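What follows is each chain in one-letter form.
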Amino acid sequence: MRTTVPVIVAFLSGFVMVVSFFFNPDRTFIGRAQDVVLQWVTIVSGFTLVLGVFSIVRVNGRAVVRRTEDWPFKLATVISVFAMAIPAMLPVSTTSVGGKIFYSILPQSWGSWFGTGTGSIYDWLFNFVDSPMMETMFAMLAFYIASAAYRAFRARSADATLLLLTAVIVMLWRVPMGEAFLRLFGDSIPDYLNTFIMNGFNVAVQRGIIIGAALGAASMSLRVMLGIERTYMGKG
Amino acid sequence: MGESLSFVQHFEIWLRAYLILSLFSFLYRDNVFYKLSEHIFAGLSAGYYVGLIWQTVIIQQLVNPMVDNGHWWLVFPGILGVLMFTRLIPKWSWVSRVSLAFVIGNTAGIYIISSLHGLIFPQVASTILSLDTGNGFAGTLLALLVVVGVISTLIYFYFSKEHTGLLGATARVGIWFIMIAFGAHFGYTVMGRISLLIGRAEFLYYEWGGSLSQIF
């Protein structure tokens, strides 16, 4: 019961997607089933993400209540989740059922602060707090990449030299001064770089990896649908 | 100097500057300012997805169609979604497997079709058909380069047979291709990150500097 039902559900929901691909969605019920099942999956997946965030709040909330190490920072996490999520979840429309009740208590002019639209608390927090921090986090990686490159980019073998040379050439090519330097060796050098490195070697390897990964994904999917792969169920 | 900034604009600039500098302070060493910003970032990012999913999925795809259009059958995915929360009750956590199996099985079905129809066949076709583009010598050379690269890369990742003889030689060519492609990727990534770093430095210099010069 605890494992058989999920295996049957997984098989049926996957089977519908595979079979409906071969039917015309305008003429057949099974063809239309694809869209319906996709909508259902989007809804269930949405709840999955909410569950994940609920779990973050629960774990951090417990740490705050028990006053464990670094609890003030965990409190900051919990407050941040609520500060972002709650205004976004409050109703924007004054005509909806929830909106009518909500705006009978609060002034209607507050409506523009809620939801996810421009001018909302959610939008402001994203633009002025979340987004600058995200960009800074990625910008910080420049330092770590430089440090990693210093250790990894020693031309100790032919393979490492090839990696080092290509990276240096591409980095040079991507800045105006470097491009001007490359043109000293021939006016069409930057064009050749674009054609043969980016559209040649790079495309070939990307395709090889994509084909390999897709073959792996297809075989793993088949294992899931047939109930051979059950690790997603966890223990018990 | 630009136009005079309002109090709110000053506040927004100073807040962004504080967050940027507090995160960059980690480059020296771990500290209280970094930790606080890091935890706020984690919380806001989680909250961002809750808001997004609530509005675009739960309201737009579940509640509104049920309330406004009478699509009562959407109550079933709603129940499956709620069942996901049984994961929090150890005795009943196995029930959430049904919802999870529904999502995983469906994703598997989509992957089978999209892998074959959307990835493997088009990528193989593009590789082979590029040999017949008629773009002169350079075009044919490029197409041949791509064909050799795709085959040798695939062979490099084929671990079911020992890489010796012809297979080993082809895998060796595959490594060269992979090294060049990864080098190009690395170069691109570094330039992207440097570009973001320049963006942050420009913000601190122009916007925060502008705010500072107006205040002091």
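Bear in mind the structure is a predicted one, so any value in this text is a computation, not a measurement. (Residues numbered from 1 in each chain as written. Chains lettered and ligands numbered in written order. Predicted model: local features only at pLDDT ≥ 70, side-chain atom pairs only at ≥ 80, totals over all residues. Heavy atoms only, no water.)

### Some thoughts on a nonpolar patch on the surface
Working step 1: On the surface, A:Val97, A:Ile101, A:Ile105, B:Val63, B:Met66, B:Val67, B:Trp72, B:Trp73, B:Val75, B:Phe76 and B:Ile79 cluster together to form a nonpolar patch covering roughly 1100 Å² of accessible area.
Working step 2: Looking at the nonpolar patch, the elements with two or more residues in it are helix H4 (97-105) of chain A together with helix H2 (32-69) and helix H3 (75-83) of chain B.
Working step 3: If you trace the backbone, B:Val75 turns up in helix H3.
Working step 4: Assessed through its relative accessible area of 33%, B:Val75 is described here as partly exposed. (Patch = residues over 30% accessible without salt bridge, like charges linked within 9 Å, V, L, I, M, F, W, Y side chains within 5 Å. Areas by Shrake-Rupley, 256 points an atom, 1.4 Å probe, with all protein chains shown as cover. Salt bridge = Lys/Arg side-chain N within 4 Å of Asp/Glu carboxyl O. Helix = DSSP H or I, 4+ residues; strand = E, 2+ residues; numbered from the N terminus. Buried < 20%, exposed > 50% of the residue type's maximum accessible area, 1.4 Å probe, protein only.)

### Some thoughts on helix H8 (residues 189-225) of chain A
Residues and elements named next belong to chain A.
Working step 1: Counted at 1.5 Å a residue, the expected span for H8 with its 37 residues is 54 Å, and the 51 Å between its end C-alpha atoms agrees.
Working step 2: Its axis deflected by about 35° at Val203, H8 carries its strongest bend there.
Working step 3: One or two residues past the end of H8 sits Gly227, with phi positive at roughly 80°. (Expected span 1.5 Å × (residues − 1). Bend = angle between axes of the 7 residues up to and from the residue.)

### Overview of the domain arrangement of chain A
All names here are of chain A.
Working step 1: Each assigned domain of chain A is listed with its residue range as follows: domain 1 (1-88) and domain 2 (153-236).
Working step 2: Look at where the C-alpha atoms of domain 1 and domain 2 centre, and you get two points 32 Å apart.
Working step 3: In this complex, domain 1 contributes 8 residues to the contact, which on the side of domain 2 involves 6 residues.
Working step 4: By the criterion of area lost to domain 2, the three top residues of domain 1 are Thr3, Val7 and Phe11, representing 59% of everything that side buries.
Working step 5: Counting across the domain 1 and domain 2 interface gives 0 salt bridges.
Working step 6: At the junction of domain 1 with domain 2, the criterion picks out 0 residue pairs in polar contact (both at pLDDT 80 or more).
Working step 7: Taken together, the residues of the side of domain 1 that touches domain 2 sort by class into 6 nonpolar, 2 polar and no charged. (Domains from an automatic or database assignment. Contact = heavy atoms within 4.5 Å. Buried area = accessible area lost by both parts, 1.4 Å probe. Polar contact = N/O pair within 3.5 Å; in protein donor to acceptor, adjacent residues only side chain to side chain. Nonpolar A, V, L, I, M, F, W, Y, C, P; charged D, E, K, R; others polar.)

### Topic: the side chain of B:Thr127
Working step 1: Tracing the backbone through its elements, the reader meets B:Thr127 in helix H4 (residues 96-129).
Working step 2: With relative accessibility at 4%, the residue B:Thr127 sits in the buried group.
Working step 3: One polar contact links B:Thr127 to A:Arg207, side chain to side chain, over a distance of 3.4 Å.
Working step 4: Beyond its immediate chain neighbours, meaning those up to four positions away, B:Thr127 contacts A:Arg207, B:Val146, B:Val147 and B:Val150.

### Focus on the pattern of salt bridges
Working step 1: In the structure shown here, the tally under the stated rule is 6 salt bridges over all chains.
Working step 2: Note that B:Lys35 is salt-bridged to A:Asp70, the shortest N-O span being 3.6 Å. In this pair, B:Lys35 sits in helix H2 while A:Asp70 sits in the loop between helix H2 (29-65) and helix H3 (71-89), so the two residues belong to two different chains.
Working step 3: Salt-bridge contacts for A:Arg183 lead to A:Glu179; the nearest nitrogen and oxygen are separated by 2.8 Å. With A:Arg183 and A:Glu179 both in helix H7 (residues 176-183) and 4 residues apart, this pair spans about one turn of that helix.
Working step 4: Judged by relative accessible area, which is 24%, A:Glu179 ranks as partly exposed.

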